[in-house]
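Chain by chain, the residues:
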Amino acid sequence: MLTVYSEKQLLHHPPKEMVIGRFIDYRETPSRAETIIKAIRDRNVGDVVAPVDRGLAPILAVHTEKYVSYFQTAYEKWIEIGGNPDGVFPDTFAVRLSQIYQDISDGGAGGRPGFFSYDMTAIIAKDTYTAAYEAAQVATTGAEILASEKRRAVFALCRPPGHHSSEDLAGGYCFFNNAGIAAEHLIKHHGFGNVVILDIDYHHGNGTQAIFYKRRNPMYASIHGDPDYPYFWGRAEETGEGEGKGANVNVPLPIGTGDDEYLAALDALIANHIVPYGIQALVVSLGVDTFGGDPVGSFNLTSACFERIGERLARIGVPTLFVMEGGYAVSEIGTNVTNVLLAFER
Ligand code: SP5
Ligand code: ZN
């Protein structure tokens, strides 16, 4: 399987994040991507190519102009106001204070960080924009190669991840919604009529769900831990709106879920929703934070289970783009990711 990858994605490295009130080392580390690319090479998964820069167009197909231009200069402006060089931390969030304040401004230099994010883990450090921009190009290039070269599958090794970011909000280590950008590229540039974004990261992809909630194409389908981050989204009752009714499928599973229950849920999701939808292309939001040893997720999957997942995804039988999301057990992340990809190709 071909991998698309760029080392520029390693430039994003905020030192710390806050977890239950304490600052700890940032868990979404550059070493995650470095370990994955090493395993891709060591296990001969296939060639690795650099992304083609398609500019802002693929990003602006998903994200608002205001959000993108805020993000481009956010770090610079933060330094100008005397902010901590480690990265941008909002001091206020633009939450629903009252229905009478629907048209609030972005809050100016002081307010913008909290206007364009909903938590404090999508930390904009010195080169974060460069890395997130590059991740979006990796995803777009993956989609482009999949479609134009009529490949069976491509792996977009994106970092930072994307599924928690919506059209104008960062959160959950995510800035640009790489999987959403890729799906939109398949739909807009290659005419795919029934794309499914299947999100197997441990966390619900609230950003992806939000972006496509009122659309029939793509379908968004997710299996995730519940109750857990992002807390307010991911219920089975969230099924889409308007034209998108029925094209949003959430499968929350309890903390501690193991291989057998997980695979049964995946089989049911594929048989009851993804196949009946008439799937023509698959974008997998590939998180491996479902692994038992993961320090962030709380499922109990074994490394062998990732092979079973890869086999099932292959059986769907459509062109497939894998887009990297979460996974924080760095010593096992290379094995777990390549287990999915190698089993898919067997
Ligand atoms: C892309 C991705 O995987 N983002 C995850 C962001 C999660 N951030 C906060 C997690 C806090 C969860 N605390 C519960 C601990 C259970 N082990
Ligand atoms: Zn996750």
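These numbers were taken from a predicted model, which means no experiment stands behind them.

Now for the overall build of the protein. Looking only at helices and strands, the protein has 10 helices and 10 strands in total. The C-alpha radius of gyration computed for the protein amounts to 19 Å, which stays within 12% of the reference 20 Å derived for 346 residues, consistent with globular compactness. In terms of principal-axis extent, the alpha carbons of the protein reach across some 55 × 45 × 40 Å. Counting contacts in the protein only where the partners sit at least 6 residues apart, residues at least 24 apart contribute 76% of the total.

Whether parallel or antiparallel, the strands of a sheet pair through hydrogen bonds between backbone atoms. Ordered by their spatial adjacency, eight strands build an open sheet running β4-β1-β5-β10-β9-β6-β7-β8, and the pairing between neighbours is parallel. Where the open sheet ends on each side, the last strands, each with one partner, are β4 (48-49) and β8 (248-253). Sheet topology note: the strand β7 (residues 219-225)/β8 ladder contains six bridges and is parallel. Residue pairing for β8: A221 is matched across the bridge by V249.

Attention now moves to the confidence of the model for the protein. Chain-level statistics for the protein give a pLDDT mean of 98 and a share of 100% at 70 or above. Here the predicted complex scores 0.98 on pTM and 0.95 on ipTM.

Compared with the 22 Å implied by 1.5 Å per residue over 16 residues, the 22 Å span of helix α3 (residues 65-80) between its first and last C-alpha is a close match. The axis of α3 is deflected most strongly, by about 50°, at A74. When α3 is considered as a whole, its buried residues turn out to be Y67, V68, Y70, F71, A74 and W78. If you follow the buried residues of α3, they end up packed against α2 (57-60), α4 (108-115) and α5 (128-148).

The subject of this paragraph is the UniProt feature "domain: Histone deacetylase" (unreviewed entry) in the protein. The UniProt feature table records "domain: Histone deacetylase" (unreviewed entry) at residues 28-341. Across residues 28-341, helical content stands at 39% and strand content at 11%; the span's end C-alpha atoms are separated by 21 Å.

Judged by nonpolar contacts, the single largest core of 99 residues is most densely connected at A139, A156, L157, A182, V283 and V323. The leading source of residues in this core is α5, at 10 residues. Excluding residues that lie within four positions of it along the chain, V283 makes contacts with A179, A182, A183, V195, I197, L321 and V323.

Interaxial distance between helix α9 (residues 303-316) and helix α10 (residues 330-345) falls to 7 Å at its minimum, and their mutual angle equals 30°. Considering their axes alone, α9 and α10 lie roughly parallel with respect to each other. Here the hand of the crossing between α9 and α10 comes out right-handed. Across the interface between the two elements, S303, F306, E307, I309, G310, E311, L313 and A314 from α9 touch E332, T335, N336, N339, V340, L341, L342, A343 and F344 from α10. Taken together, the residues of the contact of α9 with α10 sort by class into nine nonpolar, five polar and three charged.

Moving on to helix α8 (residues 259-274). Of the positions making up α8, those classed as buried are Y262, L266, L269, I270 and I274. The arc that holds the buried residues of α8, viewed along the axis, is 95°, so those residues lie on one side. Residues of α8 that are exposed and point more than 90 degrees away from the buried face comprise D260, A264, A268, A271 and N272. Looking at the packing, one finds that the buried side of α8 touches β6 (195-199), β7, β8 and α9.

A few words now on the environment of T73. Relative to the helices and strands, T73 is located in helix α3. Residues T73 and Y129, 56 residues apart in the sequence, show an inter-C-alpha distance of 8.5 Å.

Looking now at the packing of α8 against α9. The geometry of α8 relative to α9 is characterised by a closest axis approach of 11 Å and an angle of 10° between their N-to-C directions. Our classification of the angle between α8 and α9 gives roughly parallel. In this structure, α8 uses D259, Y262, L263, L266, D267, I270 and I274 to contact α9, whose residues at the interface are C305, R308, I309, R312 and I316.

Calculation criteria
- Residues numbered from 1 in each chain as written.
- Chains lettered and ligands numbered in written order.
- Predicted model: local features only at pLDDT ≥ 70, side-chain atom pairs only at ≥ 80, totals over all residues.
- Helix = DSSP H or I, 4+ residues; strand = E, 2+ residues; numbered from the N terminus.
- Rg over C-alpha atoms; globule rule 2.2 N^0.38 Å.
- Contact = placed C-beta atoms within 7 Å.
- Pairing = 2+ DSSP bridges.
- pLDDT = per-residue confidence, 0-100.
- Expected span 1.5 Å × (residues − 1).
- Bend = angle between axes of the 7 residues up to and from the residue.
- Buried ≥ 20, exposed ≤ 12 C-beta atoms within 10 Å, placed from the backbone.
- UniProt positions renumbered as here; feature names shortened; annotations may be inferred.
- Core = buried A, V, L, I, M, F, W, Y, C linked by C-beta atoms within 7 Å.
- Axes fitted to C-alpha atoms, helices over the stretch in contact; angles between N-to-C directions.
- Parallel < 35°, antiparallel > 145°, perpendicular 65-115°, else oblique.
- Left-handed = near helix turned anticlockwise from the far one by under 90°.
- Nonpolar A, V, L, I, M, F, W, Y, C, P; charged D, E, K, R; others polar.
- Arc of directions from axis to C-beta.

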